[in-house]
Amino acid sequence: MKAKILTNKGDLFSSIDNRIYGSFIEHMGRAVYGGIYEPNNHMSDSYGFREDVKELVKALQVPIIRYPGGNFLSGYNWEDGIGPVEERPTRLDLAWQTIETNEVGLHEFLNWSNQVQSEVMMGVNLGTRGIDAARNLVEYCNFSNGTYYSDLRRAHGKKTPFGIKTWCLGNEMDGPWQIGAKTAEEYGRLACEAAKVMKLVDESIELVVCGSSISTMPTFGSWEQTVLEHTYEHVDYLSLHMYYGNSDNEIENYLAKSLDMDRFIKGVVAICDSIQAKKRSTKQINLSFDEWNIWYHTLESDNKIKKWQKARPLLEDVYNFEDALVIGCLLITLLKNSNRVKIACLAQLVNVIAPIVTEDGGDCWKQTTYYPFQQVSAYGRGHVLVSKTESQTYHTKEFKGVPYLENVLVDNCERKELIIFAVNRSVDEAIDLALDLDGYTLTDVKEFSSLYGFDLKQTNTGKQGDVRPRDGGAVDLFEEKAFAKLQPLSWNMIRIGYN
């Protein structure tokens, strides 16, 4: 099978906001307790945080981490996680029906995020709480000194402000499963007033308002319109959440799920722009796709796990080779929409539907999905190029005209590198790929890495997991052209230097 990608040097589609490679840690399952934090593990530092997990997180180069939820957020009192640990209350977490000890709270998590070189996207509880708690939290985190909450932070050992710049106004407030769920009208009014007072405390912060929990919600579209009618002047981003799976065990349809993500993003962009036009505003609302991933392996088994225990082991999906291919397609889709998607968070980071897995008291390792994310985060910096792809297509029960070649081109001007991220969706045919790179003087192939040749259901269930990228073979360069072979069912990264 033959395919071709054409682009012109300098024809930039959009700059990439590095926060598109964000992730998410929620107080649920073993994400925190037994994940990033395990005081009795021999790999943990003096504060109880696992050094081996830190190293795997740092290698992902995650620029921002959403915290502390998720559904957990809507019943959380932020004051429970400050002050002396021994004085903090133990609470029932109704969202996940677990016991929350509050051993890890605001200071501990922000210190950990600093160590893994990530900023924090902090959430405020608009479920059981509201405007007052939100403004107080911003004051505690971001105001210098001389007020009750800023001085309370200083008394707890943090003299300088945390300086958190990105904030979520609640979580999935349209969901009937959510503690304190609201109608669009109720939430829009509350989010508007919370946003106003939060920015009065710190006018430099950016705010993310809740869109629909998933695109299949019956109120999708009308929810976004109503919420933005109330909040447009006061917020900066609208959130999107979506998870994908292969419960039907149909690989070609599964690999096409990224087309649904693309459709979802473009639909929400259209809604944002319609409100902008209606309000005659010069301000553009961008998107925060702050929950996305594959989640289906544990949907039924989680119901059997005993409730009301600390770190109830939920959503511990074991990812396989086909999941890694789909993650690659989803990452490409986010980049292809990077003109409006400025923040995205792989949900989540450790143990809970995560690329990193830990054993209690034991090792940690990389799931299959770790590798595409790591490569795109490390090398997908700079600008997405406008490109044209010529590829054969196929049809599935859900999607028509699915290209066998899914790809995006990134120009990293600082490194003088052109990066091609590509997935070959074909089950049995390699793709002879031709790259027509007009205006580029190609100098050398930095890397051709490919994840291919594994059984679709093969997993990494230990530290020495076999499902990892390998050398992809030769890339032939001829002035402004390049040629490579992409194996069937493969994730690929090609890095080419240029002058």
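Residues numbered from 1 in each chain as written. Predicted model: local features only at pLDDT ≥ 70, side-chain atom pairs only at ≥ 80, totals over all residues. Heavy atoms only, no water.

A. Structural view of the environment of Gly382. Relative to the helices and strands, Gly382 is located in the loop between α10 (370-379) and β14 (383-390). A C-alpha to C-alpha distance of 24 Å links Gly382 and Leu486, two positions 104 residues apart in sequence. Dropping the residues within four chain positions of it, Gly382 is found in contact with Ser14, Ser15, Ile16 and Asp411. (Helix = DSSP H or I, 4+ residues; strand = E, 2+ residues; numbered from the N terminus. Contact = heavy atoms within 4.5 Å.)

B. Up close: helix α9 (residues 321-336). Between its first and last C-alpha, α9 extends 23 Å over 16 residues, near the 22 Å set by a 1.5 Å rise per residue. In terms of burial, α9 is a largely internal element, 15 of the 16 residues being buried. By the N-cap criterion, in which a side-chain oxygen at the helix start approaches the backbone nitrogen of a residue two or three places on, α9 is capped by Asn320, the distance to Glu322 being 3.2 Å. (Expected span 1.5 Å × (residues − 1). Buried < 20%, exposed > 50% of the residue type's maximum accessible area, 1.4 Å probe, protein only. Polar contact = N/O pair within 3.5 Å; in protein donor to acceptor, adjacent residues only side chain to side chain.)

C. Spotlight on the environment of Asp476. In this structure, Asp476 sits in strand β22 (residues 475-478). Residue Asp476 is classed as partly exposed on the basis of its relative accessible area, which comes to 41%. Those residues in contact with Asp476, other than ones at most four positions away along the chain, are Lys481, Ala482 and Phe483.

D. Examining the side chain of Ser426 more closely. Checked against the element boundaries, Ser426 lands in the loop between β18 (417-424) and β19 (431-438). Classification of Ser426 by relative accessible area gives buried; the value is 2%. There is a polar contact of 3.0 Å between the side chain of Ser426 and the backbone nitrogen of Glu429. In this view, Ser426 contacts Met1, Tyr404, Pro488 and Leu489; residues no more than four positions away in its chain are not counted.

E. Region of interest: the sheet that holds strand β10 (residues 286-294). Spatial strand order, β2-β3-β6-β7-β8-β9-β10-β11: 8 strands in a closed barrel with parallel pairing. Between one strand axis and the next, the sheet turns through 30° on average, direction left out of account. Bridging between strand β7 (residues 166-169) and strand β8 (residues 206-209) involves 4 bridges; their strand directions are parallel. Looking across to β8, one finds that Leu169 is bridged to Val209. (Pairing = 2+ DSSP bridges. Axes fitted to C-alpha atoms, helices over the stretch in contact; angles between N-to-C directions.)

F. Molecular detail of the side chain of Ser44. Along the chain, the position of Ser44 falls in the loop between β2 (22-24) and α1 (51-60). At a separation of 2.5 Å, a polar atom in the side chain of Ser44 contacts the main-chain carbonyl oxygen of Glu38. Once you skip the residues sitting within four places of it in the chain, Ser44 turns out to touch Glu38, Pro39, Phe49, Arg50 and Glu51.

G. Geometry of unusual backbone geometry. Omega for the peptide link from Tyr67 to Pro68 comes to 0°, which places this bond in the cis form. Turning to its location among the elements, Pro68 is positioned in the loop between β3 (64-67) and β4 (91-93). The phi angle at Gln117 is positive, at roughly 65°, despite the residue not being glycine. Mapping Gln117 onto the fold places it in the loop between α2 (106-115) and β6 (119-124). Take Gln117: its relative accessible area is 61%, and that puts it in the exposed class. One non-glycine residue, Glu479, adopts positive backbone phi at about 55°. Within the element layout of this structure, Glu479 appears in the loop between β22 and β23 (481-486).

H. The packing of helix α3 (residues 131-142) against helix α4 (residues 148-155), seen in detail. Where α3 meets α4, the axes come as close as 7 Å, and the angle between the chain directions of the two elements is 50°. Put simply, α3 runs oblique to α4. With respect to the hand of their crossing, α3 and α4 are arranged in right-handed fashion. Here Asn136, Glu139, Tyr140, Cys141 and Asn142 of α3 lie close against α4, whose contacting residues are Tyr148, Tyr149, Ser150, Leu152 and Arg153. The class makeup of the residues in the contact of α3 with α4 is 5 nonpolar, 3 polar and 2 charged. (Parallel < 35°, antiparallel > 145°, perpendicular 65-115°, else oblique. Left-handed = near helix turned anticlockwise from the far one by under 90°. Nonpolar A, V, L, I, M, F, W, Y, C, P; charged D, E, K, R; others polar.)

I. Examining a nonpolar patch on the surface more closely. Taken together, Leu92, Leu94 and Trp308 make up a surface patch of nonpolar side chains, about 320 Å² in accessible area. Within the element layout of this structure, Trp308 appears in the loop between β10 and α9. (Patch = residues over 30% accessible without salt bridge, like charges linked within 9 Å, V, L, I, M, F, W, Y side chains within 5 Å. Areas by Shrake-Rupley, 256 points an atom, 1.4 Å probe, with all protein chains shown as cover. Salt bridge = Lys/Arg side-chain N within 4 Å of Asp/Glu carboxyl O.)

J. Spotlight on the nonpolar core. Counting 160 residues, the largest nonpolar core has Trp167, Leu169, Phe289 and Trp292 as its most contacted members. When neighbours within four sequence positions are excluded, Phe289 is seen to be in contact with Leu240, His241, Met242, Met261, Phe264, Ile265, Leu334, Val341, Ile343, Ala344 and Cys345. (Core = buried A, V, L, I, M, F, W, Y, C linked by side-chain atoms within 4.5 Å.)

K. Layout of the packing of helix α8 (residues 258-279) against α9. Taken N-terminus to C-terminus, the directions of α8 and α9 make an angle of 25°; their axes are 9 Å apart at the nearest point. When the axes of α8 and α9 are compared, the pair comes out roughly parallel. Regarding α8 and α9, the two cross each other, and that crossing is right-handed. Residues Ser258, Met261, Asp262 and Ile265 of α8 touch α9, and the partners they reach there are Cys329, Leu330, Thr333 and Leu334.

L. Representation of the pairing of β10 within the structure. Counting buried residues along β10, 9 of its 9 residues qualify, which places the element largely inside the surrounding structure. Of the strand pairs in this sheet, strand β9 (residues 237-244) and β10 are connected by 7 bridges, and their pairing is parallel. What sits directly across from His241, in β10, is Glu291. The pairing of β10 with strand β11 (residues 341-347) spans 4 bridges and is classified as parallel. For Phe289, the partnering residue across the bridge sits in β11 and is Ala344.

M. The arrangement of the sheet that holds strand β20 (residues 442-451) in detail. Overall, mixed pairing links the 10 strands, which are arranged β21-β20-β24-β18-β17-β14-β1-β19-β23-β22 in an open sheet. Of all strands in the sheet, those with a lone pairing partner are β21 (470-471) and β22, marking the two edges. In terms of strand pairing, β18 meets strand β24 (residues 490-498) through 8 bridges, oriented antiparallel. What sits directly across from Phe421, in β24, is Met493.

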